[in-house]
Amino acid sequence: MIVLKAAQAAVLGALQSVAGIVERRHTLPILANVLLRATKDNKLICSATDMMISVTETISVEVKTPGALTLGGDGNVWFTSAAYPAAVGRVTPGGTATVVSSGVTPDSAPRGITAGPGFGPATMWFGQTIKDKVGRVLLAGDVVDEIGGGGGTRTTDLAVGPDGNLWATASDGSRGAIFRITTGGARTKYTTGLTSDPNLGGIARGADGNLWFTMPDTRRIGRITTAGAVTVFGSAGLTGIPRDITEGPDGNLWFTQDGLGPAIGRITPSGSITSFTGGLSFANAPRRITAGADGNVYFTDRTANTIGKVTPAGVISTYVALTGANAGLDGIATGADGRLWFAEELAGKVGVVPVAPTASAVTTAGPCCWPKNQAANPVTMPASRTAARK
């Protein structure tokens, strides 16, 4: 949520300026999307894009609560399914699930999904862990196409960078790499500065304007600028194997760790790492992680069959314990309404946790497929959060 004080005429003028230019280029209003960002230095940045041009206006305001939101968006939660035939899907706030497989290569094993570029309803992007492509979902899932190919790489995860491009962690089978991917599919590969990890993990945009990613094989956290400069932060401070990563409401990056030292990690923009283990043991396996609408961070625990909560101070607790057989918890995302949506990979369902959670109040939609990673469109962005969740 954004809270600010500003002259009405100034805000409306900026919105009309950026939205009007984009809208006049199209007969389909769905292609015109606006992103609002309220910064800590009392600026309101209004941006509009249609994936071909981008227009930005910045005005001075009094920011009470910094953050970001989108005008537009289909309001659904999206997920990938790696089962054969491969697919992507969406779940409405009311719990209706739709699986889209037409246009997706059947054996591509999609993984990682994000809203944007544009942060609007026109595009959801997803990676493929087997085929050397990325997928693009257009117009609320009615059209899916795949772009790229020829590079011999497998995409692990995706995030939208501040430069309007997609950034992906990937592997060519022997060494990990970071790719910058334009909306037209042109790719630039970055390996300089990376260690010899054959695989890279999750990736997320940070509040500092850089992209942050996990390195499971060497137990490190990496940072890459939009110019391609890579910095690797050592394993000091980590207790387990880093997996997924997200920007937290406090401006730091938060990541899951499994293996022999399960923990939730936090890394500051300067590279200082802290691992929080309170309440976790060898019986836990933190999987995916997302920033909640209430200023806390939430994660799925695949072994314990629970959704965990982490405060900005690093206090870990069980937010909700799921009943019944272990359903293989995987992806988690914060929906536009602030509820937490999660994937039950083994059960083939997508679940939702209400604001006041109890095990009996958790509902699921499906069965559908083999749901994994999730992303909301539009994404709920609390506090200083400025990037779409994967």
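Residues numbered from 1 in each chain as written. Predicted model: local features only at pLDDT ≥ 70, side-chain atom pairs only at ≥ 80, totals over all residues. Heavy atoms only, no water.

A. Structural detail: the sheet that holds strand S23 (residues 253-258). The four strands lie next to each other as S22-S23-S24-S25, forming an open sheet whose pairing is antiparallel. A single partner strand is all that each edge strand has here, and the edge strands are strand S22 (241-247) and strand S25 (273-276). For this sheet the average axis-to-axis angle between neighbouring strands, irrespective of direction, equals 25°. Relative to S23, S22 is paired through five bridges, and the arrangement is antiparallel. Looking at the pairing, Glu-247 lines up with Leu-253 of S23. (Pairing = 2+ DSSP bridges. Helix = DSSP H or I, 4+ residues; strand = E, 2+ residues; numbered from the N terminus. Axes fitted to C-alpha atoms, helices over the stretch in contact; angles between N-to-C directions.)

B. Geometry of the side chain of Thr-306. Mapped onto the fold, Thr-306 is located in strand S28 (residues 306-310). Thr-306 sits in the buried class, given a relative accessible area of 12%. (Buried < 20%, exposed > 50% of the residue type's maximum accessible area, 1.4 Å probe, protein only.)

C. Seen up close, the nonpolar core. The biggest cluster of nonpolar side chains holds 12 residues, and these are Ala-159, Trp-167, Ile-178, Tyr-190, Leu-194, Leu-200, Ile-203, Leu-211, Phe-213, Met-215, Ile-224 and Val-230. Take this core: its biggest share by element is three residues, from strand S19 (residues 211-215). If we ignore the near neighbours within four places in the chain, the residues touching Val-230 are Thr-192, Gly-193, Leu-194, Phe-213, Arg-223 and Ile-224. (Core = buried A, V, L, I, M, F, W, Y, C linked by side-chain atoms within 4.5 Å. Contact = heavy atoms within 4.5 Å.)

D. Representation of the pairing of strand S11 (residues 123-128) in the model. In terms of residue burial, S11 counts as a mostly covered element, since six of its six residues are buried. Residues Thr-123, Trp-125 and Gly-127 of S11 are buried on one face, and the alternating residues Met-124, Phe-126 and Gln-128, pointing to the opposite face, are buried as well. Bridging between strand S10 (residues 110-115) and S11 involves five bridges; their strand directions are antiparallel. Each bridged residue has a counterpart across the sheet, and for Thr-114 the counterpart in S11 is Trp-125. Direction of pairing for S11 relative to strand S12 (residues 134-138): antiparallel, over a ladder of five bridges. Counted as the bridge partner of Thr-123 is Leu-138 from S12.

E. Local environment of the layout of surface pockets. Approximately 340 Å³ is the volume attributed to the second largest pocket. Taken together, 20 residues make up the lining of the second largest pocket; nearest its centre are Arg-111, Thr-156, Leu-200, Gly-201 and Arg-243. Looking at the lining of the second largest pocket, the elements that each hand over two or more residues are strand S14 (154-160), S22, strand S26 (286-291) and strand S34 (371-377). Residues that form the lining of the second largest pocket fall into these classes: two nonpolar, eight polar and 10 charged. (1 Å grid on protein atoms, 1.4 Å probe; cavity = no way out; pocket = protein on both sides within 12 Å on 5 of 7 lines; lining within 4 Å. Points joined across faces, edges and corners; volume = space filled by probe spheres on them. Nonpolar A, V, L, I, M, F, W, Y, C, P; charged D, E, K, R; others polar.)

F. Summary view of the sheet that holds strand S20 (residues 220-224). Taking strand neighbours across the sheet as the criterion, the four strands line up as S18-S19-S20-S21 in an open arrangement whose pairing is antiparallel. Of all strands in the sheet, those with a lone pairing partner are strand S18 (203-205) and strand S21 (230-233), marking the two edges. Adjacent strand axes in the sheet meet at a mean angle of 20°, parallel and antiparallel pairs treated alike. Sheet analysis places S18 next to S19, joined by three bridges and oriented antiparallel.

G. Geometry of the packing of aromatic side chains. For the structure shown, the criterion picks out four aromatic pairs. With centroids separated by 5.7 Å and ring planes inclined at 20°, the aromatic side chains of Trp-167 and Tyr-190 adopt a geometry described as stacked. You can see Trp-167 sitting in strand S15 (residues 166-171) and its partner Tyr-190 sitting in strand S17 (residues 187-190), a full 23 residues away along the chain. Here Trp-167 falls in the buried class, since its relative accessible area comes to 0%. Here the aromatic rings of Tyr-298 and Tyr-319 are separated by 4.8 Å at their centres, their planes lie at 65°, and the arrangement is edge-to-face. Highlighted residues: Tyr-298 in strand S27 (residues 297-301) and Tyr-319 in strand S29 (residues 316-321), separated in sequence by 21 residues. (Phe/Tyr/Trp six-rings, centres within 6.5 Å; stacked < 30°, edge-to-face > 60°.)

H. Representation of the confidence of the model for the protein chain. Overall, the prediction assigns the protein chain a mean pLDDT of 77, with 73% of residues at 70 or greater. Averaged pLDDT values for the elements of the protein chain fall to 41 in strand S6 (residues 67-71) and rise to 97 in strand S24 (residues 263-267). In this model, residues 21-32 is a region of pLDDT below 50 whose contacts with residues beyond four sequence positions or in other chains number 23 contacts. Under a pLDDT of 50 for its full length, residues 378-390 has, in the predicted model, 77 contacts with residues more than four places off or in other chains. (pLDDT = per-residue confidence, 0-100.)

I. Broad picture of unusual backbone geometry. Backbone geometry places Ala-109, a non-glycine residue, at a positive phi of 50°. Structurally, the position occupied by Ala-109 is in the loop between strand S9 (97-100) and S10. Looking at Ala-109, the relative accessible area reads 12%, which means it is buried. One non-glycine residue, Arg-219, adopts positive backbone phi at about 55°.

J. Main features of the environment of Ile-59. The residue Ile-59 is located in strand S4 (residues 54-60) in this model. Separated by 48 residues in the primary sequence, Ile-59 and Val-11 place their C-alpha atoms 7.6 Å from one another. Not counting the four nearest positions on each side in its chain, Ile-59 is found in contact with Ala-10, Val-11, Ala-14, Asn-42, Lys-43 and Leu-44.

K. Representation of the pairing of strand S32 (residues 349-353) within the structure. For S32, a buried count of four out of five residues is recorded, marking the element as mostly surrounded by other parts of the structure. Where strand S31 (residues 340-344) and S32 come together, five bridges link them in antiparallel fashion. Its bridge partner being in S32, Phe-342 is matched across the sheet by Gly-351. Where S31 folds back on S32, the antiparallel hairpin that results is connected by four residues, among which Gly-348 adopts a positive phi of roughly 70°.

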